[in-house]
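Given next are the chains, with one letter for each unit.
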Amino acid sequence: QETPFENVVRAANGPVTFYDSNSGKPLFQAPINRSVDEFIEESKVHGWPSFRDDEVVWDNVRVLKNSGETVSVDGTHLGHNLPDKRGNRYCINLVSVAGSPA
């Protein structure tokens with residue numbers, strides 16, 4: 001079943017920017033270095049939008065070393081880093097990010 005999230009990503013001509021729902025700062029741009037289908041499929045499998053290292057805006061995102069918790073530099077809880085065989089995978093709560101800046 002398609003969702004508004006999936007429709008927005010599929011309709012974009014290039015990567016979609018996801019913003020901090022509190023500060024409006026850009027946090028993720030996806031898909032980068034993978035197809036739209038790969039991005040959506042991985043997100044569906046895990047039940048959360050799943051971003052890879054190349055898709056993180058590192059000026060605005062941090063991963064806490066002890067817990068893997070992923071947060072914005074402004075303190076918004078975003079989700080967790082759940083690495084798999086392909087590398088870091090940031091599973092992000094869609095409520096924590098917005099599709100357009102505040």
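As a reminder, the structure under discussion sits directly above these lines.
Criteria and thresholds
- Residues numbered from 1 in each chain as written.
- Predicted model: local features only at pLDDT ≥ 70, side-chain atom pairs only at ≥ 80, totals over all residues.
- Heavy atoms only, no water.
- Core = buried A, V, L, I, M, F, W, Y, C linked by side-chain atoms within 4.5 Å.
- Buried < 20%, exposed > 50% of the residue type's maximum accessible area, 1.4 Å probe, protein only.
- Helix = DSSP H or I, 4+ residues; strand = E, 2+ residues; numbered from the N terminus.
- Contact = heavy atoms within 4.5 Å.
- Arc of directions from axis to C-beta.
- Pairing = 2+ DSSP bridges.

K.L.:
A description of the nonpolar core should follow, citing residues and the corresponding values.
P.N.:
Counting residues in hydrophobic clusters, the biggest one holds 16 residues, and the most contacted among them are Phe18, Phe28, Phe39 and Phe51. Residue assignment for this core shows that the elements contributing at least two residues are helix H1 (4–11), strand E1 (16–20), strand E2 (26–30), helix H2 (36–46) and strand E7 (90–92). Considering every element that reaches this core, the biggest residue donor is E2, with three residues. Setting aside residues no more than four positions away along its own chain, phenylalanine 28 makes contact with Val16, Thr17, Phe18, Phe51, Glu55, Val56, Val57, Val61, Leu78, Ile92 and Val97.

K.L.:
Got a sec to walk through H2? Specific residues and values, please.
P.N.:
Listed in full, the buried residues belonging to H2 are Phe39, Ile40, Glu42 and Ser43. For H2, the angular spread of buried residues about the axis comes to 165°, placing them on one side. Buried residues in H2 make contact with H1, E1, E2 and strand E3 (50–51). In the segment just after H2, glycine 47 is the residue with positive phi, at about 80°.

K.L.:
Could you give an account of the sheet that holds strand E4 (residues 61–63), naming the residues involved and the relevant values?
P.N.:
Pairing in this open sheet of five strands is antiparallel, and the strands run E3-E7-E6-E5-E4 from one edge to the other. Single-partner strands in this sheet number two, and they are E3 and E4. Bridge count for E4 against strand E5 (residues 69–72) is three bridges, and the pairing is antiparallel. If you follow valine 63 over to E5, its bridge partner there is threonine 70.

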